[in-house]
Amino acid sequence: MAAGGLIPASGASTKEYPGKLTWFVTLACVLAAMGGLIFGYDVGISGGVTSMAPFLKKFFPSVYRKEELDQSTNQYCKFDSQTLTLFTSSLYLAALVASLAASTVTRKHGRTISMFLGGLVFLAGALINAFAYNIAMLIIGRILLGIGVGFATQSVPLYVSEMAPYKYRGSLNVIFQLSITLGILIANIVNYFTAKIDGGWGWRVSLGGAAIPAILISVAGYLLPDTPNSMIERNKEDKAKLTLQKIRGFLDVYAEFNDLKVASEAAKQVEHPWRNICMRQYRPHLTMAILIPFFQQLTGINVVMFYAPVLFKTIGFGRNASLFPP
C-alpha cells in the first residue's frame, strides 16, 4: 500500500503488469533486506554477552558474585538484576517507540532516508557500547540501537515490497526474515570466539560488531534509489516513472504507474484510517494481524532467542557450550 489508509482492492488482484525481475531489483532488495541483520545480531548478542564473566564483573558485580563465586548447584535467581534486565529490554522498548516516529519519517521523507538514519543511529549505539565504561553508556548505547532497529523494521519490509514485482514480492520479503535469523546465528558464533579472548575484553568486540550491519544498512540507504510509491507520495512523479522503468526493465510501465498514482490519491482521501480498520469488512485482516504475533509471543521463542546462553548455562552447560551448544 502506497500510503496510510484502507483502499478497496476490487479488480486489482487479477491485473498483471509487464516487466521482469531484474538484477538491479534483486540486488536492491537483498541489500535492503540486510537491515534485518541489525535486529537479529542484537537479539543474539545480548544473551551471550550477559553470560561472560568479565562483562558481569565490570557492570553487574552482584550477578557476577552469585554466578562465579557461588559454587552451589542451585541456579535460582542468580541472574536476578533489575539493571541487567534494563540492559536487555531497553533496546526493544526504544525500538517500539522509535517505530512510531519512523513511520512518519518513512512516509514523508522516503524509505531510503529512514533506512539511512536508522543505520547511522544504530552505528552510534554500537560504538558507544563497544567503548562503554559504565552502566549509563551501556543503556544509552542500547537505546540508540533500539532506535535504529525501529527505523529498520519500519522501512526495510516496505521498501522491499514496493520495489519487487508483485509476482515476487513475497519471495523477496522472506529475505528480511532470513537476515534476522542469520544475524542471530552470526551473533552466537561471534560470542563463542570472543569469549575466548584473553584479557576479558571480548565482550567489547561482540557489542562493537553491531557496527558492521549498521554500516551495511547505512550504505544501502545512501546508495539505493527510493521506491516509485514513495516518490509519488512526495509529488515526484517524473522521477517515479523513470525509476519504475529502471526497476522493471521495461519502458511501458504506464498501467502500473497510473495505478500507483490512483492508490496514492485514494490513500490521501482516507480521513479516519484507525476507525476504518475496525469496520466489519476489515475485521478478518485485523484479527489475523493481532493473533499471529500474539501467539508467537506465547510460544516463548523470544525468551529462548534473547537468553539462550544464560538458559543453557543455568541448566549445567559449561561456559563455552552455553554460548555455542551442540
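Quantities reported herein were computed from a predicted structural model and do not represent experimental measurements.

> Explain the overall build of the protein to me, using residue names and the numbers behind them.
In terms of helices and strands, the protein carries 17 helices and zero strands. The buried share among the 326 residues of the protein stands at 44%. In the protein, the share of contacts with a sequence separation of at least 24, taken over all contacts with a separation of at least 6, comes to 77%. Accessible surface computed for the protein: about 16,900 Å², of which carbon and sulfur atoms make up 67%.

> Give a detailed account of the confidence of the model for the protein, specifying residues and quantitative values.
Chain-level statistics for the protein give a pLDDT mean of 83 and a share of 87% at 70 or above. Segment residues 1–13 is flagged for pLDDT under 50; beyond a separation of four residues in sequence, or across chains, it makes 24 contacts in the model.

> Explain the pattern of salt bridges to me, and be specific about the residues and the numbers.
Per the counting criterion, the structure on display carries six salt bridges. Between Asp42 and Arg142 there is a salt bridge whose closest N-O contact spans 3.4 Å. Linking Asp42 in helix H2 (residues 36–49) with Arg142 in helix H7 (residues 135–163), this pair joins segments that are 100 residues apart in sequence. By the burial criterion, Asp42 is buried, and Arg142 matches it. Ionic contacts of the salt-bridge type, sharing partners, join the residues Arg111, Glu162 and Glu233 into one network.

> Please provide a residue-by-residue account of the packing of aromatic side chains, values included.
Tallied over the entire structure, the rule returns nine aromatic pairs. Ring geometry for Phe55 and Phe60: centres 5.7 Å apart, planes at 50 degrees, overall tilted. Overall, Phe55 belongs to the buried group, its relative accessible area being 0%. Note on Phe60: relative accessible area 3%, which makes it buried. Relative to Trp203, the ring of Phe55 lies with its centre 5.4 Å away and its plane at 65 degrees, an arrangement referred to as edge-to-face.

> Tell me about helix H15 (residues 283–298), residues and numbers included.
With 16 residues, H15 should cover 22 Å at 1.5 Å per step; its first-to-last C-alpha distance of 22 Å lies within 8% of that length. Gly300 sits one or two positions beyond H15 and adopts a positive phi of about 85 degrees.

> Can you break down unusual backbone geometry residue by residue, with the values?
Within the chain, Asn235 stands out as a residue other than glycine whose phi angle is a positive 60 degrees. Looking at where Asn235 falls in the secondary structure, it is placed in the loop between helix H11 (228–233) and helix H12 (237–248).

> Quick rundown of the packing of helix H1 (residues 23–33) against helix H8 (residues 169–194)? Include the residues and the values.
In the contact formed by H1 and H8, the axes pass within 8 Å of each other and the chain directions differ by 30 degrees. In terms of orientation, H1 lies roughly parallel with respect to H8. Handedness of the H1/H8 crossing: right-handed. Mapping the contact onto sequence places Val25, Cys29, Val30 and Ala33 in H1 and Leu172, Ile175, Phe176 and Ser179 in H8. In terms of residue class, the contact of H1 with H8 is built from seven nonpolar, one polar and no charged.

> Now, about the nonpolar core: what can you tell me, with residues and values included?
Of all hydrophobic cores here, the largest spans 61 residues; its most connected members are Phe55 and Phe60. Of all the elements, H7 adds the most residues to this core, at 10 residues. With sequence-adjacent residues up to four places away left out, Phe55 is seen in contact with Val49, Thr50, Phe60, Phe87, Leu138, Trp203 and Leu207.

Rules used in this analysis
Residues numbered from 1 in each chain as written. Predicted model: local features only at pLDDT ≥ 70, side-chain atom pairs only at ≥ 80, totals over all residues. Heavy atoms only, no water. Helix = DSSP H or I, 4+ residues; strand = E, 2+ residues; numbered from the N terminus. Buried < 20%, exposed > 50% of the residue type's maximum accessible area, 1.4 Å probe, protein only. Contact = heavy atoms within 4.5 Å. Areas by Shrake-Rupley, 256 points an atom, 1.4 Å probe, with all protein chains shown as cover. pLDDT = per-residue confidence, 0-100. Salt bridge = Lys/Arg side-chain N within 4 Å of Asp/Glu carboxyl O. Phe/Tyr/Trp six-rings, centres within 6.5 Å; stacked < 30°, edge-to-face > 60°. Expected span 1.5 Å × (residues − 1). Axes fitted to C-alpha atoms, helices over the stretch in contact; angles between N-to-C directions. Parallel < 35°, antiparallel > 145°, perpendicular 65-115°, else oblique. Left-handed = near helix turned anticlockwise from the far one by under 90°. Nonpolar A, V, L, I, M, F, W, Y, C, P; charged D, E, K, R; others polar. Core = buried A, V, L, I, M, F, W, Y, C linked by side-chain atoms within 4.5 Å.

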